[in-house]
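Report on the structure
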Amino acid sequence: MTKDLPLVGFTEKGGLFVGFSQYDIAPGSTGPVSVIIDKARTAELLSAFGKRAQQAAVAPSAPRLPFDPSASPTPTATSTVTTDPEPNAESTATESVTPSTRAAGAAVNCRRLKCVAITYDDGPSGYTDQLLKTLAAKKAKATFFMLGQQVATYPSVAKRVAQGGHEIGVHTWDHKSLPNLAPATMRSEISRTAAIIQQKTGVKPTLSRPPYGATNNTVRAQERAAGLAEILWSIDTLDWKDRNSRIVTQRVLSQTKRGSIVLMHDIHKTTVDAAPAIIDGLQKRGFTLVTVSELLGQTKPGVTYRQGR
Ligand code: NI
């Protein structure tokens, strides 16, 4: 079994960034956790090698970090916002159309094609850009159920997801299980997240996936009021449990059928590393990878969907 190491790097001001996956240091409901340690406080923590890496990061020609320091929650790195060049990966993603599956700009016809929807929850994260590159290279679309707090942390990544032609749905602000919440809290978990997705990507979400798939009539009523259809899944890869690229690939390829909605998480490096093999394998089997809304067609707010046809 492989296990993700924490993401470690430096901000452009020499602060030390440490990001942990959601399940590493806290219960999953806590969501992903990251900290930035001020440069002044890093001296006692760093080896000689670490100090050289820190110096390199502060240098003007420093390579970009694998995560998005412009979006970090502490003031140490917010000053990098204006110098953060937008990677151009998403500009090619918008052209990622396979003539055999869809004409540019045309809706994909899942009555005719063997469509499946792969979905990624709990992000965006420092791994999401890698996934976007894979999806663009293979002309595949996916759906991302995002946490509001992650969109707040990685707004430019969220925007690149939308620009790549992928769909974004609501996964609550901080991964709380909704059925046990007071109505006002439940409403805010959903509406705050929908609002920040629209604000940062320009696209108003129409889909919701409650954390853990935990739902009830009250949750569905809130989703209906927010104009969101409820999207669960038909294939659970358990990628968060195994953290093994080979196993997650094998699970997807052995279980996916026409109309499947596949649950994965783009906060795990092992899952993102598995994407090329998963997409190649599905396409080789004749599947067209589409967004959830392309798979389902018109959806109704407050109604639960687990798969398409
Ligand atoms: Ni989740």
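Each remark here, short or long, concerns the structure printed above.
Report follows, based on the coordinates. Quick caveat, the model's predicted, so the values are computed rather than measured.

A closer look at the overall build of the protein
Counting secondary structure elements, the protein contains 13 helices and 12 strands. Across the 309 residues of the protein, 52% fall into the buried class. Contacts in the protein between residues far apart in sequence, at least 24 positions, make up 72% of those at least 6 positions apart.

Description of the packing of aromatic side chains
Two aromatic rings, taken as a pair, are described by how far apart their centres are and by the angle between their planes. Evaluation of the coordinates by the stated rule reveals 1 aromatic pair. The ring of Phe287 carries Lys114 above its face, with NZ or CZ at 4.4 Å from the centroid. Lying over the aromatic face of Trp173, Arg192 brings its terminal NZ or CZ to 3.8 Å of the ring centre.

Some words on helix α12 (residues 269-284)
Spanning 16 residues, α12 covers 24 Å between terminal C-alpha atoms, matching the ideal 22 Å at 1.5 Å per step. Looking at the packing, one finds that the buried side of α12 touches β4 (115-121), α5 (128-137), α10 (239-242), α11 (245-255), β10 (261-265) and β11 (288-289). Immediately beyond the C-terminal end of α12, within one or two residues, lies Gly286, with a positive phi of roughly 90°.

Some thoughts on the nonpolar core
Among the nonpolar cores identified, the biggest contains 41 residues, and Ile118, Phe144 and Leu282 are the most heavily contacted of them. The biggest single contributor to this core is α12, with 6 residues. For Ile118, the residues in contact, after removing those within four places along its chain, are Leu135, Lys141, Ala142, Thr143, Val262, Met264, Ile279, Leu282, Leu289 and Val290. In terms of nonpolar packing, the next biggest core, distinct from the first, is built from 15 residues, Phe145, Leu207, Ala229 and Val292 among them.

Re the coordination of the nickel ion
The coordination sphere of the nickel ion contains the protein donors Asp122 (OD), His171 (NE2) and His175 (NE2), at a distance range of 2.1 Å. Of note, the donors binding the nickel ion are all from one chain and are spaced D-x48-H-x3-H. Placement of Asp122 in the loop between β4 and α5 and of His171 in the loop between β6 (167-170) and α8 (183-201) is noted, with a sequence separation of 49 residues between them. For the pair shown, Asp122 and His171 are each scored as buried.

Let's talk about the state of the cysteines
Chemically, a disulfide is nothing more than a covalent bond linking the sulfur atoms of two cysteines. Counted under the stated rule, the structure contains 1 disulfide. The disulfide that involves Cys110 links it to Cys115, with 2.2 Å between the sulfurs. When the S-S torsion is -90°, as for the bridge of Cys110 with Cys115, the disulfide is left-handed.

Things to note about the pattern of salt bridges
Inspection of the entire model under this criterion finds 8 salt bridges. A salt bridge links Asp121 to Arg209; its shortest N-O distance comes to 2.8 Å. Of this pair, Asp121 sits in strand β4 while Arg209 sits in the loop between β7 (207-208) and α9 (217-225); the two residues are 88 residues apart in sequence, bridging distant segments of the chain. When salt bridges with common partners are traced through the structure, they connect Asp174, Lys176 and Glu189 into a single cluster.

Focus on the pairing of β6
Side chains Glu167 and Gly169 project from β6 onto one buried face, and the interleaved Ile168 and Val170 project onto a second face that is buried too. Bridge analysis of strand β5 (residues 143-146) against β6 gives 4 bridges, and the strand direction is parallel. Residue pairing in the sheet places Met146 in a bridge with Val170 of β6.

Here's the deal with unusual backbone geometry
With an omega of 0°, the peptide bond between Gly123 and Pro124 qualifies as cis. Tracing the backbone shows Pro124 in the loop between β4 and α5. For Lys139, which is not glycine, the phi dihedral falls at a positive 55°. If you trace the backbone, Lys139 turns up in the loop between α5 and β5. Exposure remark for Lys139: the relative accessible area of 37% places this residue in the partly exposed category.

So, the packing of α11 against α12
Relative orientation of the contacting elements α11 and α12 amounts to 35°, with a least axis distance of 8 Å. Relative to α12, α11 is oriented so that their crossing is right-handed. Of the residues in α12, those in contact with Ser245, Val248, Thr249, Val252 and Leu253 of α11 are Thr270, Asp273, Ala274, Ala277, Ile278, Gly281 and Leu282. Tallied by class, the residues present in the contact of α11 with α12 amount to 7 nonpolar, 4 polar and 1 charged.

Basis of the calculations
- Residues numbered from 1 in each chain as written.
- Predicted model: local features only at pLDDT ≥ 70, side-chain atom pairs only at ≥ 80, totals over all residues.
- Heavy atoms only, no water.
- Helix = DSSP H or I, 4+ residues; strand = E, 2+ residues; numbered from the N terminus.
- Buried < 20%, exposed > 50% of the residue type's maximum accessible area, 1.4 Å probe, protein only.
- Contact = heavy atoms within 4.5 Å.
- Phe/Tyr/Trp six-rings, centres within 6.5 Å; stacked < 30°, edge-to-face > 60°.
- Lys NZ or Arg CZ within 6 Å of the ring centre and 35° of its normal.
- Expected span 1.5 Å × (residues − 1).
- Core = buried A, V, L, I, M, F, W, Y, C linked by side-chain atoms within 4.5 Å.
- Donors = N, O, S within 2.8 Å, 3.2 Å for Na, K, Ca; no water.
- Disulfide = S-S within 2.5 Å.
- Salt bridge = Lys/Arg side-chain N within 4 Å of Asp/Glu carboxyl O.
- Pairing = 2+ DSSP bridges.
- Axes fitted to C-alpha atoms, helices over the stretch in contact; angles between N-to-C directions.
- Left-handed = near helix turned anticlockwise from the far one by under 90°.
- Nonpolar A, V, L, I, M, F, W, Y, C, P; charged D, E, K, R; others polar.

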